[in-house]
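# What the coordinates show
Here is what each chain is made of, one letter per residue.
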Amino acid sequence: MAGLEEKEEVLAEDDSQDTFHINFLVGHIENIILGEEFASLRENFLAQHCHIFDDAEENKLEYMDIYKQYTDLIEGHIEKELTTREKGFQMSVFLRELTKSHTLDGEVFDLLLTFTDFLAFKANMLEVKRSQEDNSATLTDLLQITSFKS
């Protein structure tokens, strides 16, 4: 019976180590998607392609090509940044760990899901298109980020 308890403790220790590593990587993802480079990359893509989108219920085939480019751009940027920040990072291993750990809740995952939701993507495209047409400011134009560091 004592051997079984030791094995359970080791498994719990391994699980907490995996959870720590996942949380560490999620922290990196949060910093990436909240960073200026990511915002600029995303905004430039939306501005470049928004003129193609119409506010109609039916979607054109070309929307899916643009959406594919967008998801490739977003995923590629996140993966590139994670590879830079975490030596030996492999997206396939990270995704396997995430699936195994069932820790897919939280604000970061909610935000990541909006990047992979076509209807949210289309809504963003239409918002950018409207702001360009009526020359109004976007939310990021109105926000000013100030560091508290001296």
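Now for a description of the structure that goes with this document. Please read all numbers here as calculations on a predicted model, not as lab measurements.

Now for the pattern of salt bridges. Taken as a whole and judged by the stated rule, the model has six salt bridges. A salt bridge links K60 to D54, with the shortest nitrogen-to-oxygen separation between them at 2.8 Å. Residue classification places K60 among the partly exposed residues on the basis of a relative accessible area of 36%. Note that E81 and R85 form a salt bridge whose closest N and O atoms lie 3.3 Å from each other. One end of the pair is E81 and the other is R85, both in helix α3 (residues 61–85) and four residues apart, which spans about a single turn.

Core analysis: the largest hydrophobic core is formed by 31 residues, its most contacted members being I78 and F121. Among the elements of the structure, α1 (2–33), α2 (36–49), α3, α4 (91–101), α5 (107–115) and α6 (118–133) are those that each provide at least two residues to this core. Here this core takes seven residues from α3, the largest share from any one element. Ignoring any residue separated from it by four or fewer positions in sequence, one finds I78 in contact with I29, I32, I33, F38 and L112.

Right, let's talk about the environment of Q90 for a bit. Mapped onto the secondary structure, Q90 falls in the loop between α3 and α4. As for Q90 and E79, which are separated by 11 residues in sequence, their C-alpha atoms are 8.3 Å apart.

Glancing now at α3. Under the 1.5 Å per step criterion, the end-to-end length of α3 is 37 Å for 25 residues, consistent within 8% with the ideal 36 Å. For α3, the complete set of buried residues consists of Y63, I66, Y67, Y70, T71, I74, H77, I78, E81 and L82.

With that settled, the discussion passes to the side chain of K129. Tracing the chain through its elements places K129 in helix α6. On the accessibility criterion, K129 (15% relative accessible area) is buried. Discounting chain neighbours no more than four positions away, the residues touching K129 are C50, H51, F53 and D54.

This part is about the environment of K60. Within the secondary structure, K60 sits in the loop between α2 and α3. A polar contact of 2.8 Å, which involves the side chain of K60, links it to the side chain of D54.

The rules behind the values
- Residues numbered from 1 in each chain as written.
- Predicted model: local features only at pLDDT ≥ 70, side-chain atom pairs only at ≥ 80, totals over all residues.
- Heavy atoms only, no water.
- Salt bridge = Lys/Arg side-chain N within 4 Å of Asp/Glu carboxyl O.
- Buried < 20%, exposed > 50% of the residue type's maximum accessible area, 1.4 Å probe, protein only.
- Helix = DSSP H or I, 4+ residues; strand = E, 2+ residues; numbered from the N terminus.
- Core = buried A, V, L, I, M, F, W, Y, C linked by side-chain atoms within 4.5 Å.
- Contact = heavy atoms within 4.5 Å.
- Expected span 1.5 Å × (residues − 1).
- Polar contact = N/O pair within 3.5 Å; in protein donor to acceptor, adjacent residues only side chain to side chain.

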